[in-house]
Amino acid sequence: MTDLLQERDAWSMANCSVARTLEIAGTRTALLIMREAFLGTRRFDDFARRVGIGEPAASARLKELTAAGLLERVPYQEPGQRTRHAYQLTEKGRDFLPVLTALRQWGDTWATDEQGPPLVVRHKDCGAPVHAVLRCDDGHDVRLRESFVDAGPGLIRVGPDRPEPEPEPGPDGD
């Protein structure tokens with residue numbers, strides 16, 4: 001087995017999944033809007049109020065998260081009112097839950113004050129706290145140094161005869 005990490009100069013991170021994820025949901029407000037969506041927030045005004053941001057910022061982040069396919073707009077109408085839109089998680093958005101769970105778990109351990117975490121997420125069936133864990137496809141929990149990096153199908157190899165590819169422009173064109 002070749003240690004791919006020892007060959008890091010021979011491969012490119014131009015198509016890095018972490019970088020691409022951060023382009024989609026890597027701002028503080030995007031992550032907090034996703035937190036709110038998982039906690040049941042659906043309406044524009046509620047997102048802005050609960051996240052503590054102005055309407056222009058809420059509008060921009062909700063548009064970005066909708067364009068990225070994590071949220072979708074759904075029409076609703078209260079009696080006597082015009083049709084408005086609420087936001088709900090898509091399948092892609094629901095798949096983001098482990099990311100927020102891992103961030104919350106790390107924050108509960110390393111970034112809380114002396115009072116402790118403000119929320120504890122529990123399993124409905126048994127009441128035990130919910131945690132993010134690394135687990136292989138065979139069901140084994142995986143700790144630090146119990147894994148290795150292998151080439152994936154999207155690995156781009158570079159070198160003297162294979163130049164680094166140009167990075168794709170981000171959502172703002174840079």
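Residues numbered from 1 in each chain as written. Predicted model: local features only at pLDDT ≥ 70, side-chain atom pairs only at ≥ 80, totals over all residues. Heavy atoms only, no water.

1. Remarks on the side chain of Thr90
The following threshold applies: Helix and strand definitions follow DSSP, with helices as H or I runs of at least four residues and strands as E runs of at least two, each counted in order from the N terminus. In the analysis that follows, any N or O atom pair within 3.5 Å is treated as a polar contact, provided that within protein one partner can donate a hydrogen and the other can accept it, and provided that, for residues neighboring in sequence, both atoms belong to side chains. Any two residues whose heavy atoms approach within 4.5 Å at even a single point are treated as in contact.
By the secondary structure assignment, Thr90 is in the loop between strand S3 (84-89) and helix H5 (91-94). Here Lys92 takes part through its backbone nitrogen, which lies 3.3 Å from a polar atom of the side chain of Thr90. Among the polar contacts listed, one links the side chain of Thr90 to the backbone nitrogen of Gly93, at a separation of 3.0 Å. Those residues within four positions of Thr90 in sequence are excluded, and the remaining contacts are Gly69, Leu70, Leu71 and Glu72.

2. Examining the nonpolar core
For clarity, the cut-off: By nonpolar core is meant a set of buried Ala, Val, Leu, Ile, Met, Phe, Trp, Tyr and Cys residues that side-chain atoms within 4.5 Å join together. The classification of residues rests on relative accessible area computed with a 1.4 Å probe and restricted to protein chains. Under 20% of the type maximum is buried, over 50% is exposed, and intermediate values are partly exposed.
In this structure, Ile33, Met34, Leu65 and Leu71 are the most contacted members of the largest nonpolar core, which totals 20 residues. Those elements giving two or more residues to this core turn out to be helix H2 (28-38), helix H3 (44-51), helix H4 (55-67) and S3. Here Ile33 is in contact with Phe47, Val51, Ile53, Ala58, Arg61, Leu62, Leu65 and Leu71, once residues within four sequence places are set aside.

3. Some details on the packing of H2 against helix H6 (residues 97-110)
Heads up, the condition is: Interaxial angle, 0 to 180 degrees, is taken between N-to-C directions of lines fitted to C-alpha atoms, where a helix line uses only the stretch in contact. For classification, angles of less than 35 degrees are called roughly parallel, those exceeding 145 degrees roughly antiparallel, those between 65 and 115 degrees roughly perpendicular, and all remaining angles oblique. Gly is put with the polar residues, along with every residue not named as nonpolar or charged; the nonpolar set is Ala, Val, Leu, Ile, Met, Phe, Trp, Tyr, Cys and Pro, and the charged set is Asp, Glu, Lys and Arg.
The geometry of H2 relative to H6 is characterised by a closest axis approach of 11 Å and an angle of 105 degrees between their N-to-C directions. With respect to each other, H2 and H6 are oriented roughly perpendicular. Residues Leu31, Met34, Arg35 and Phe38 of H2 pack against Leu97, Leu100 and Leu103 of H6. Of the residues belonging to the contact of H2 with H6, the class tally is 6 nonpolar, no polar and 1 charged.

4. Quick look at the pattern of salt bridges
Any two side chains of opposite charge can pair if their charged atoms end up close together. Formally: Each reported salt bridge corresponds to a side-chain nitrogen of Lys or Arg within 4 Å of a carboxyl oxygen of Asp or Glu.
Considering all chains together, one arrives at 7 salt bridges under this definition. When the shortest N-O distance is used, the salt bridge between Arg49 and Asp46 registers 3.1 Å. With Arg49 and Asp46 both in helix H3 and 3 residues apart, this pair spans about one turn of that helix. On the basis of relative accessible area, Asp46 is assigned to the partly exposed category, the value being 25%. Between Arg104 and Asp108 there is a salt bridge; the shortest N-O distance is 3.3 Å. Placement of both Arg104 and Asp108 in helix H6 is noted, with a separation of 4 residues, approximately one turn of the helix. By relative accessible area, Arg104 is classed as partly exposed at 22%.

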